[in-house]
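Observations on the three-dimensional arrangement
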Amino acid sequence: MIRLTLAASLLGAGAMAAQADTLTLFATGEDQATVGFHAPELTRDGWQLDFSRVIVTFDAITAWRTDPPFQADSPAIDGAGVAFDGPVTVDLVDADADGRVALATRPAAPGHYNALSWALVPAPEGPFAGYSMVFEGTATRDGTQVTFTLATRDAVAHACGEYLGDVRKGFVTADTGGTLEITLHLDHVFGRADRPADDPMNRQAVGFDAFADGGMHEFSMDGLHVGHVGEGHCHDTPL
Amino acid sequence: MTRPSERRAARDKGRGAAMGAARDKGRGATLATARGTCRGALILAGLVAAAPLPALAHAALLEAEVATAVRLLARYDTGAPMQGAQVIIYAPDTPAEAWDRGTTDAEGRFVFVPDPALPGRWSIQVRQAGHGALTHVQIGAGAPGAGPETAPVPAAVIERPATTAGPMQRAVMVALVAWGALGTALYFRRRGHGDASA
C-alpha cells in the first residue's frame, strides 16, 4: 500500500491547497464512508453499516479549464488540462476532519478548473489488487450483526463538470491555489431507507440483503452512478 | 396576480426571489427590489400612494421599475419540480463568491435581476438533497436576444440535463429564461408602524 501511505502523507494538504499556482485534488466518500449508514440513513433495506475501510483506486485524473463550461454530457472533455499521476489507492475512511483524503498537488496555470475526468480502476498492487472499490466493515439489523468485505473489479471512466457544493471550487490564481474533489456517493450502492422506495437511486442500488450472510462478496457497478463532483454529476463509461 | 404573501416574501429575499407568478411576464409584477439601489432599473415610476406624513401610520409607497431579469426553472428529470431548492448566483466579476442566494418556489422557479453593470457569464447553481446542476447565462453585450430593454421578449432559453446518464439516474433539469424589460417591482414600503394588512 505504498500509494496509500503517500496519500496519507498528503492529509495535511491544506497548506498545499493555499500554495499559489497549484491545484490540490481530494477524494471523499462523505459521511457515509467515515460515519457509515446510521438511522435514519440506513441502507434501503434497513441495515446499519459501519466501515473499517473503503479502499478505492483512481487513475487517469485530469483537471480541466473548459470554455464553454463542460456540462458532463459526453465522455470527452475539450480544454486545457492538468494531469495527476496515477494510479493512486486510498482509504476513504482514513480521512481528514472534512472527510476528505488528499490525492496529490500539481502545479497549475491560473484559471478556473471547471471539469474533472478520472477513472475508477482495479488496484495494481496491495491486498486488494484487482479490485477497484472495496467495502470492509460490519452490518447490523434486528440484532443480527455480520462482518463483510464487498468488492468490485469494474473500471469506470468519469467525465465530470464543475464541482457543486457550498463553496465553488477549482479557482487557481497567482496568489492562491485551488482545490477539486472526487466525490463518491455510496448511497448509490446501498440505497437509503430515508428515501422513498421508488426513488431512482433506491431502485438501482444494490442494498445489503444480498450480502447478509457476511464474508466476501463481489458486486457489479453496472448501472450504479457513484462518481460525482460534490453534488454535480458525471458522465460515466464502463471500461 | 401576485399574492400579497408572495410580494412580501419577494421583498424580503434580497436580490433574488422565488416567484411563481413571475413567469406570467405579460402580467408583469413581482421582482424583488430589496437591493434597493435600482440596480438594473431603467425606468423608475415612483408612485406615492399617500402623502408621506409621519402621522399616517398606514401609508404605503408603491414603486415600479423595468429591469432585465433571469427566470430559472429547476426540476428533476422525472418532471417533479425542485421545490425549495438552494440557489446560488455567481456574477462574472467575482465568480468564486456568491453574488446572491435564495430558494426556488413550490414550482421550482426562481427569478433574479442581474446587475447590468456586470456583463459576462453569470452562473447559477441549484442544489437539493444531493442533486445539483449549474447553468450559465450571458448578460450584456453578446447576450442572445439582447435588444431594446423595453422589448419583453425571451432573450435566452437554455434547458439541459445535468447528466446524460441512464434513466435510472435522477437528473436535474434547469431552464433559464432571460428577458428584457420585465415590468416588475411592486412592493410596499410601509411608513410608521402600520400593520401589514393595512
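1. Examining the overall build of chain B
When helices and strands are tallied, chain B shows 1 helix and 10 strands. In sequence order, chain B lays out its α and β elements as α-β-β-β-β-β-β-β-β-β-β. Counting only residues that meet the buried cut, chain B has 47% of its 198 residues in that class. Pairs at least 24 apart in sequence give 64% of the contacts found in chain B among residues at least 6 apart. When the accessible area of chain B is evaluated, it comes to approximately 8,800 Å², of which 58% is carbon and sulfur surface.

2. Describing the overall build of chain A
Helices and strands together make up the secondary structure of chain A, namely 5 helices and 15 strands. The buried share of chain A, taken over its 239 residues, is 57%. Within chain A, contacts between residues separated by at least 24 positions form 76% of all contacts whose residues are at least 6 apart in sequence. Total accessible area on chain A is roughly 9,200 Å²; 51% of this is exposed by carbon and sulfur atoms.

3. Re the side chain of Glu-162 of chain A
Here Glu-162 of chain A is to be found in the loop between β10 (156-160) and β11 (171-172). The class of Glu-162 of chain A is buried, set by a relative accessible area of 8%. In contact with Glu-162 of chain A, other than residues within four places in its own chain, are Phe-70, His-112, Asn-114, Arg-168, Val-229 and Gly-232 of chain A together with Leu-134 of chain B.

4. Here we look at the nonpolar core
Counting 50 residues, the largest nonpolar core has Phe-58, Phe-135, Leu-184 and Phe-208 of chain A as the members making the most contacts within it. For this core, the leading source of residues is strand β2 (residues 48-65) of chain A, giving 7 residues. Leu-72, Tyr-76, Ala-85 and Ala-91 of chain B belong to the second largest nonpolar core, which has 18 residues in total.

5. Comments concerning the interface of chain A and chain B
Each side of the interface is counted separately: chain A has 26 residues, and chain B has 27 residues. Both faces combined, the contact of chain A with chain B buries some 2,300 Å², and carbon together with sulfur accounts for 47% of it. Considering only the side of chain A, the residues that lose the most area to chain B are Arg-168, Glu-231 and His-233 of chain A, jointly responsible for 29% of the buried surface there. Summed over the shared surface of chain A and chain B, the result is 3 salt bridges. Across the pair Asp-166 of chain A and Arg-127 of chain B runs a salt bridge whose closest N-O atoms are separated by 2.9 Å. Our enumeration of links across chain A and chain B arrives at 9 residue pairs in polar contact (both at pLDDT 80 or more). Looking at the side of chain A that touches chain B element by element, the count peaks at 4 residues for helix α5 (residues 200-204) of chain A.

6. Overview of the sheet that holds strand β1 (residues 22-28) of chain A
Working definition: the strands of a sheet are paired by backbone hydrogen bonds and lie parallel or antiparallel to each other. All names here are of chain A. The strand order across the open sheet formed by 4 strands is β5-β1-β12-β14, and the pairing between neighbours is mixed. Single-partner strands in this sheet number two, and they are β5 (100-107) and β14 (227-228). Looking at chain direction, β1 and strand β12 (residues 178-184) are connected through 6 bridges and run parallel. Across the sheet, residue Leu-23 finds its bridge partner in β12, namely Gly-178.

7. Observations regarding the state of the cysteines
Residue and element names in this part refer to chain A. The full count for this structure, using the stated rule, is 1 disulfide over all chains. With its sulfur 2.1 Å from that of its partner, Cys-160 forms a disulfide with Cys-234. Disulfide Cys-160-Cys-234: the torsion about the S-S bond is 100 degrees, which places it as right-handed. Of the two residues, Cys-160 sits in strand β10 while Cys-234 sits in strand β15 (residues 234-238), which places them 74 residues apart along the sequence.

8. Thoughts on the confidence of the model for chain B
Confidence along chain B averages 60 in pLDDT terms, with 42% of residues attaining 70 or more. Considering only residues more than four positions removed or in separate chains, one finds that residues 1-52 of chain B, a stretch of pLDDT under 50, has 114 contacts.

9. Digging into the pattern of salt bridges
Enumeration over the complete set of coordinates arrives at 12 salt bridges over all chains. The salt bridge partner of Asp-67 of chain A is Arg-121 of chain B, with a shortest N-O separation of 2.7 Å. A residue pair is termed interchain when its members come from two chains, as with Asp-67 of chain A in the loop between β2 and β3 (80-84) and Arg-121 of chain B in strand β7 (residues 120-128). Residue Asp-96 of chain A pairs with Arg-100 of chain A through a salt bridge whose shortest N-O separation is 3.9 Å. A network of salt bridges, in which partner residues are shared, links Glu-41, Asp-187, Arg-192 and Asp-194 of chain A.

10. So, the sheet that holds strand β5 (residues 100-103) of chain B
All names here are of chain B. Here we have 4 strands laid out as an open sheet, ordered β5-β4-β7-β8, and antiparallel in their pairing. In this open sheet, the two edge strands, each paired with only one partner strand, are β5 and β8 (131-139). On average, each strand axis in the sheet is inclined to that of its neighbour by 20 degrees, with strand direction left out of account. By the bridge criterion, 9 bridges tie β7 to β8 in an arrangement that is antiparallel. Bridge pairing in β8 links Gly-120 to Ile-139.

Conventions we followed
Residues numbered from 1 in each chain as written. Chains lettered and ligands numbered in written order. Predicted model: local features only at pLDDT ≥ 70, side-chain atom pairs only at ≥ 80, totals over all residues. Heavy atoms only, no water. Helix = DSSP H or I, 4+ residues; strand = E, 2+ residues; numbered from the N terminus. Buried < 20%, exposed > 50% of the residue type's maximum accessible area, 1.4 Å probe, protein only. Contact = heavy atoms within 4.5 Å. Areas by Shrake-Rupley, 256 points an atom, 1.4 Å probe, with all protein chains shown as cover. Core = buried A, V, L, I, M, F, W, Y, C linked by side-chain atoms within 4.5 Å. Buried area = accessible area lost by both parts, 1.4 Å probe. Salt bridge = Lys/Arg side-chain N within 4 Å of Asp/Glu carboxyl O. Polar contact = N/O pair within 3.5 Å; in protein donor to acceptor, adjacent residues only side chain to side chain. Pairing = 2+ DSSP bridges. Disulfide = S-S within 2.5 Å. pLDDT = per-residue confidence, 0-100. Axes fitted to C-alpha atoms, helices over the stretch in contact; angles between N-to-C directions.

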